[in-house]
Amino acid sequence: MEQGQTISGSQAVIKVLAAHGVTTVFGYPGGAIMPIYDALYGSQVEHLLCRHEQGAGFAAVGYARSSGKTGVCFATSGPGATNLITALADAMMDSIPLVAITGQVATPVIGTDAFQEMDVLGMSLSCTKHSFMVTSSDELVATLYQAFEIAAAGRPGPVLVDIPKDIQLAQLEYKTPLQAVPDEPSLDLAAIAAANTLLAQAERPMLYVGGGVGMAGAVEQLRELIQRTGIPSVATLKGLGAVTHNAPGYLGMLGMHGNQAANHAVQQADLLLVAGARFDDRVTGKLDTFAPHAKVIHLDIDAAEQGKLRQPEVAINDDLRMVLPALSLSQDIGPWQQHVAQLKQQYAWRYDRPGTQIYAPALLKALADSLPEDSVVSCDVGQHQMWVAQHMWFRRPEDHLSSAGFGTMGFGVPAAVGAQVARPGATVVAVSGDGSFMMNVQELTTIKRRRLPLKILLLDNQKLGMVKQWQQLFFEERYSETDLSDNPDFLTLAAAFNIPGRSISKASEVADALSDMLTSPGPFLLHVQIDDRFNVWPLVPPGASNSDMIDEVEIQQ
Amino acid sequence: MIHHLVLTLEQRPEVLERVLRVTRHRGFRVCDMRMSQQEDQRLLLDMAVDSDKAIELLSRQLDKLIDVTTCVVQGYQPIARTING
């Protein structure tokens, strides 16, 4: 297609997607987006039909998170668009680049309560980085270009473009918009000098790594900094995979369900070097007791995060790929490194639990150790999500997909679908729980439709486990609506979607079953029956300081 | 404490909703406001907001909005005096 050629708005949408290297779109058609689906038909852009718009949104999120590219999803007006909202909110909280294109009723009937009309632009304001409703076909192409640019620039996020049906049908002259030349990357040298002064004075520095490191493409620079300086490190849920898992001084996840060594070390640190993290409440515990002795150097591309919850001594908004190599330690931190190593040893996870029951942490550790180099784990939300974060290890952040900020049950399976599409050669495992799994169970059809070889590891305790855990600990064992013992037969359910599987309940079956799952050429459901008395430990109780973690032993006493 | 903000905004139908939504959600109450169109078609929004929170917690969030061109914290006097005076 030549510049200046007259085409329909719908054809222009597909052309802009192709121009941005989009190979797969996830979506669901409906009345107000039919012209776009008509233009898609036979085009170079592939579409994967999901079976609910939320599933399509999460597939686009999984595609984006596992590949670093911008994910794209389609939905029709009204209920199609409202079904996307949860996935947009999830992408907003975890800063995921997404472009969502929704059909809208035709311009002349907007505001008349037309069939399947909803003010989607209005609904999008709180759950997108930016959003547009296209009001003229002349603006359509430039708006879509802008949407892709905004989604990926700076701190990434979801962008929604709502396109009325008449604009999809209108003829327009296609012109590639002129694009602004990106600013030369800069480095705030004064702030770097201030940071290095603090680092030079620190006796107990700690690197607090968030999801921003992976999103900035700065994993290599981060690992180089750790290797060069020997600075001990901890990671957030989204930061897992950034630090090499067996690096000396790496203590794993901090926060509510973090490793005790990570939390104690942060509480003792005299300097926090925060890279692409935002002092989330699940990380800090009681905020005014978090890292009480530490000065803070806060590195984040988003200046609004600096001082939002903790005032930093030094704030830097530049590209982490430039900032991290410019930082250094000059003081000998040997005694601190030794102390951190001692904490790491003292609080190392233990898997030698007696008995014949399956201990989920041990199973997940075994899974991590069995996964090939190119693999993705996509989590759902709940107890199993925390066990994955605690006990699995990842080669890079793109290998671990978890609904971190929004905590959306139902995320795992559709996000795994997107990851498998983005990385067809990878072993993709969705780790889910019996509560979460049922929240987007319709996406099993999507797996069947595309014959995706993804694996589902379903940890089933017949409970809404994390809520049950809190009821047990903080609501006097009043188990309100958390019993799921009427779950369906999951193997029969999977079989209906041509997904074979196996069910296990004994520790002695784990190794063989994991092998079955990982060597299966197609999709596979491994149903793992676990005891509902297993909880996630340790735990920072709500409102408590990270210094006051409780462990299983203390509860039993 | 009352803070006075002056914003220039892109001319979009929903831009005022965006600014007011962020203002509410981040814990600030609008006490007074006036909006006018400038010669370059952009909108000038003069706004007084009340909160115990530091004004930077709002101004930095407003600054991030794509359609907010500039966001300047003017001071701490009530806006009514400024824009009516």
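Check the entry above for the structure.
Residues numbered from 1 in each chain as written. Chains lettered and ligands numbered in written order. Predicted model: local features only at pLDDT ≥ 70, side-chain atom pairs only at ≥ 80, totals over all residues. Heavy atoms only, no water.

J.: Just checking my understanding: could you explain the interface of chain A and chain B for this structure?
T.: Put simply, an interface is often sized by how much accessible area is lost when its parts join up. Facing 17 residues of chain A, the contacting portion of chain B comprises twelve residues. Carbon and sulfur atoms make up 55% of the surface buried where chain A meets chain B, a total of about 1,200 Å² over both sides. Among the residues of chain A in contact with chain B, L125(A), H130(A) and A304(A) are the three that bury the most area, contributing 40% of the side total. The interface formed by chain A and chain B holds one salt bridge in total. In this structure, K64(B) and D302(A) form a salt bridge, with 2.6 Å as the shortest nitrogen-oxygen distance. Summed over the shared surface of chain A and chain B, the number is three residue pairs in polar contact (both at pLDDT 80 or more). If you list the elements that add at least two residues to the side of chain A that touches chain B, you get β6 (130-133) and α6 (137-152) of chain A. The biggest single contributor to the side of chain A that touches chain B is β6(A), with four residues. Tallied by class, the residues present in the side of chain A that touches chain B amount to seven nonpolar, six polar and four charged. (Contact = heavy atoms within 4.5 Å. Buried area = accessible area lost by both parts, 1.4 Å probe. Salt bridge = Lys/Arg side-chain N within 4 Å of Asp/Glu carboxyl O. Polar contact = N/O pair within 3.5 Å; in protein donor to acceptor, adjacent residues only side chain to side chain. Helix = DSSP H or I, 4+ residues; strand = E, 2+ residues; numbered from the N terminus. Nonpolar A, V, L, I, M, F, W, Y, C, P; charged D, E, K, R; others polar.)

J.: Would you explain the packing of aromatic side chains in this entry?
T.: When we look at a pair of aromatic rings, we describe it by the centre distance and by the angle of the planes. Residue and element names in this part refer to chain A. Throughout the structure, instances matching the rule amount to nine aromatic pairs over all chains. Centroid distance Y208 to F279: 5.4 Å. Interplanar angle 85°. Geometry classified as edge-to-face. With a gap of 71 residues between them, Y208 in strand β9 (residues 205-209) and F279 in the loop between β12 (271-275) and α12 (281-284) connect regions that are remote in the sequence. A relative accessible area of 0% places Y208 in the buried class. With 5.2 Å between their ring centres and 75° between their planes, W470 and F474 make a pair best called edge-to-face. (Phe/Tyr/Trp six-rings, centres within 6.5 Å; stacked < 30°, edge-to-face > 60°. Buried < 20%, exposed > 50% of the residue type's maximum accessible area, 1.4 Å probe, protein only.)

J.: Help me out: how do you make sense of helix α1 (residues 15-25) of chain B in this one?
T.: Think of an α-helix as turning once every 3.6 residues; residues three or four places apart then point the same way. Restricting attention to buried positions, one finds in α1(B) the residues V15(B), R18(B), V19(B), R21(B), V22(B) and T23(B). Positive phi shows up at G27(B), right after α1(B), with a value of about 95°.

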